[in-house]
Amino acid sequence: MKSAVETLNPTRVRLTVEVPFEELKDSLDAAYKKINQQVTVKGFRKGKVPARVIDQRFGRGAVLEEAVNDALPKFYTDAVNEAELSPLGQPEVDITELKDGETLNFTAEVDIRPAIEIPDYSGIEVEVDAVEVTDEDVDKAVEELRERFASTAPVERAAEDGDVVTIDLEAKVDGEVLEDGVADGVSYTIGSGELLDGIDDAVKGLEAGGEATFTSELKGGSAAGKEAEVTVKVTQVAKRELPELDDEFAQLASEFDTIEELRADSRKRLENMKQYDQATQAQERVLEKLLELVEVPVPEKLLEDEVNTRKHNLEHHQLGQMGLDLAKYLEIQGKSEEEFETETREAAVKGIKTQFVLDELVKQEKLNVNQEELTEHLMRRAASSGMSPDQFAQAVVEGGQVPLLVGEVARGKALAAVVEKATVKDTNGEIIDLDDEEDEDTTEASAEETPAETAEEKTEG
């Protein structure tokens, strides 16, 4: 077999392959054997029909077609390996010449990973928000904790903002009560915004036994997105009572003995959260700077597939769970379809470029992933998916996704290496020394956001 490569553009090549006919022998033998098992010829036992009889009865062309279809993947793979290409997706194959007993010639056009040069990135500088926790931040955190320990006491008066009301609901669409539109004994905090639009105005001013009707668009259920006439009846009004902010509250709500110890702990927790946010911000901005340094051509077919995948996941998974369609989502976001398309394409381009660059860094820096790192990453992914580690691991193995997880960890390590060499300053001009473990977690999270699954599957294809 002889092969040659023609570069059509930085992300696409055409392979020209010439195969001597003798190299088709194994595939021809397999073709005769396969046809033998499928046909019946009078005078011959099944599977024992001679090749010449098959040629006479069914045509040599049918045998050649079967043989070529069997042989092409191997010859294509050999040509790819010989040229040391990294294909993305399936090739477009064209048989240019097939002469029985002489030769098989074909071409194969396929997208490839572009050659990328990573320049010196040690000079990257970024600015991040300073870690500052104010007394107001601590007050807010303690108040939120206080809210969690609030109690309620029934009152005999009209409902007000902040009250907890017990209500019965009935929703009608086109005058008909919905099968899933009735709910009794629902507890609702006025002003929380957790139920239907318009319900706050409907229940405020009502005492126990009071009833009101209002119109609202349903957020979920069998009539999600439709306008409904909702009748709400208040069966109880209760006032929320907050505990005093004293040492007794600290002992109730935490492991601390005094309110000052509780406030100090809240401050420390807020500092840790802001430090994590700062590390996340640092790696995002370092990544943006890195991508600015590198010229990365993006294969058009891969880009289209990634755009379609992102749109499909949004429409059929994320929005579906919220009872929304794309039109309603865009309305809520205040975006036009054109703006949505542009943003989705820009995000897809950035994701593909990120993966290409980080994968190149993995090779350049000779980064490996050990079992401990893979296990830790799997545990984090399992937690974010809501599955147990065993369930997630089983799903990964059964789906053949282990290489994808390895790639995610490797890309996380690659970005961590870049962040480590970058100069990170906060808005006060102070140089930030990011904690190693925290940095690794955030960079790994960033790597997970790239279209790893799409691109890796296409690479393997």
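These figures come from a predicted structure and were not determined experimentally.

**Section: the sheet that holds strand 4 (residues 103–112)**
In spatial order, the strands read 1-2-4-3; together these four strands make up an open sheet with antiparallel pairing. The sheet terminates laterally at strand 1 (2–9) and strand 3 (87–99), the two strands that pair on one side only. Pairs of neighbouring strands in the sheet enclose a mean axial angle of 20°, with direction left out of account. Two elements, strand 2 (residues 12–20) and strand 4, share nine bridges in a ladder whose sense is antiparallel. Directly across from Thr16, in strand 4, lies its bridge partner Thr107. Of the strands in this sheet, strand 1, strand 2, strand 3 and strand 4 touch helix 3 (residues 60–83), which is tilted by about 125° from strand 3.

**A short note on the domain arrangement of the chain**
Interfaces are often sized by the accessible area lost when the parts come together. Splitting the chain by domain gives domain 1 (2–111) and domain 2 (152–241). Centre-to-centre separation of domain 1 and domain 2, based on C-alpha positions: 69 Å.

**Describing the packing of helix 8 (residues 300–322) against helix 10 (residues 337–364)**
As a packed pair, helix 8 and helix 10 sit with axes 9 Å apart at the nearest point and diverge in direction by 120°. Judged on the interaxial angle alone, helix 10 and helix 8 are oblique. For the pair helix 8 and helix 10, the crossing hand works out as right-handed. Only Phe340, Glu341, Thr344, Arg345, Ala347, Ala348, Val349, Gly351, Ile352 and Phe356 of helix 10 make contact with helix 8, whose side of the interface consists of Glu300, Leu302, Leu303, Glu304, Glu306, Val307, Arg310, Lys311 and Leu314.

**Considerations on the nonpolar core**
Counting residues in each nonpolar core, the largest one holds 35 residues, and the members touching the most others are Ile124, Leu290, Val357 and Leu361. The element that contributes the greatest number of residues to this core is helix 10, accounting for seven residues. Every residue in contact with Leu290, bar those within four places of it in the chain, is listed here: Tyr121, Ile124, Val357, Leu358, Leu361 and Val418. Counting 31 residues, the second-largest nonpolar core is a separate cluster that includes Ile35, Leu72, Phe75 and Ala108.

**Topic: the packing of helix 10 against helix 13 (residues 402–421)**
Between helix 10 and helix 13, the least distance of the axes is 8 Å, while the angle of their chain directions is 80°. Comparing their axes, helix 13 and helix 10 come out roughly perpendicular. Residues Gln355, Leu358, Asp359, Leu361 and Val362 of helix 10 lie in contact with helix 13, whose contacting residues are Ala410, Arg411, Ala414, Leu415 and Val418. Residue classes in the contact of helix 10 with helix 13 are distributed as seven nonpolar, one polar and two charged.

**Description of a nonpolar patch on the surface**
There is a patch of nonpolar side chains on the surface, built from Val93, Ile95 and Leu98 and spanning about 220 Å² of accessible area. Mapped onto the fold, Val93 is located in strand 3. Taking the relative accessible area as the measure of exposure, Val93 reaches 41% and is therefore partly exposed.

**Concerning helix 8**
With 23 residues, helix 8 should reach 33 Å at 1.5 Å per residue; the first-to-last C-alpha distance of 32 Å fits that figure. The sharpest bend along helix 8 comes to roughly 35°, located at Leu314. Listed as buried for helix 8 are Leu302, Leu303, Asp305, Glu306, Val307, Lys311, Leu314 and Leu319. Immediately downstream of helix 8, the backbone of Gly323 shows phi near 70°, a positive value.

**So, the pattern of salt bridges**
Scanning all chains against the criterion turns up 34 salt bridges. Between Lys2 and Glu18 there is a salt bridge, with its nearest N and O atoms 3.8 Å apart. Of this pair, Lys2 sits in strand 1 while Glu18 sits in strand 2, placing them 16 residues apart in sequence. When its relative accessible area of 57% is taken as the criterion, Lys2 is described as exposed. Across the pair Asp359 and Arg113 runs a salt bridge, and its minimum N-O distance is 3.1 Å. With Asp359 in helix 10 and Arg113 in the loop between strand 4 and strand 5 (125–128), this residue pair connects regions lying 246 residues apart in the sequence. Connected through salt bridges with shared partners, the residues Glu6, Arg12, Arg14, Glu92, Glu109 and Asp111 form a single ionic network.

Quick notes on the rules
- Residue positions are given per chain, counting from 1 as you read along its sequence in written order.
- Reporting of local features is limited, given that this is a predicted model, to residues whose pLDDT is at least 70; pairs of side-chain atoms are given and counted only at 80 or more, and all residues count toward the totals for whole chains, interfaces and linings.
- Each side-chain value is derived from all of the structure's non-hydrogen atoms; neither hydrogens nor water enter the calculation.
- A pair of strands is labelled paired if DSSP reports no fewer than 2 bridges between them.
- Under the scheme used here, helices are H or I runs from DSSP no shorter than 4 residues and strands are E runs no shorter than 2 residues, and both carry numbers assigned from the N terminus.
- Every angle, taken between N-to-C directions, lies between 0 and 180 degrees, and every axis is a line fitted to C-alpha atoms, over only the stretch in contact when it is a helix.
- Here, two residues are considered to be in contact whenever any of their heavy atoms come within 4.5 Å of each other.
- Throughout, the edges of the domains are those of an automatic or database domain assignment.
- Each angle receives one of four descriptions, namely roughly parallel if under 35 degrees, roughly antiparallel if over 145, roughly perpendicular if within 65 to 115, and oblique otherwise.
- With the far helix as reference, a near helix turned anticlockwise by less than a right angle produces a left-handed crossing, and one turned clockwise produces a right-handed crossing.
- Among the buried residues, those of types Ala, Val, Leu, Ile, Met, Phe, Trp, Tyr and Cys that are joined through side-chain atoms within 4.5 Å form a nonpolar core.
- A simple rule labels every residue: compare its accessible area, found with a 1.4 Å probe on the protein chains alone, to the largest value its type can have, and call it buried under 20%, exposed over 50%, or partly exposed in between.
- The nonpolar class holds Ala, Val, Leu, Ile, Met, Phe, Trp, Tyr, Cys and Pro. Asp, Glu, Lys and Arg form the charged class, and all remaining residues, Gly among them, are polar.
- Patch definition: residues with relative accessible area over 30% and no salt bridge; like charges joined within 9 Å; nonpolar side chains (Val, Leu, Ile, Met, Phe, Trp, Tyr) joined within 5 Å.
- Only the protein chains shown count as cover for residues, with accessible areas throughout obtained via the Shrake-Rupley method and a probe of 1.4 Å.
- We define a salt bridge as a side-chain nitrogen of Lys or Arg found within 4 Å of a carboxyl oxygen belonging to Asp or Glu.
- Multiplying 1.5 Å by the residue count of a helix minus one yields the expected span of that helix.
- The reported bend at a residue is simply the angle between two axes, fitted to the 7 residues ending at it and to the 7 residues beginning with it.

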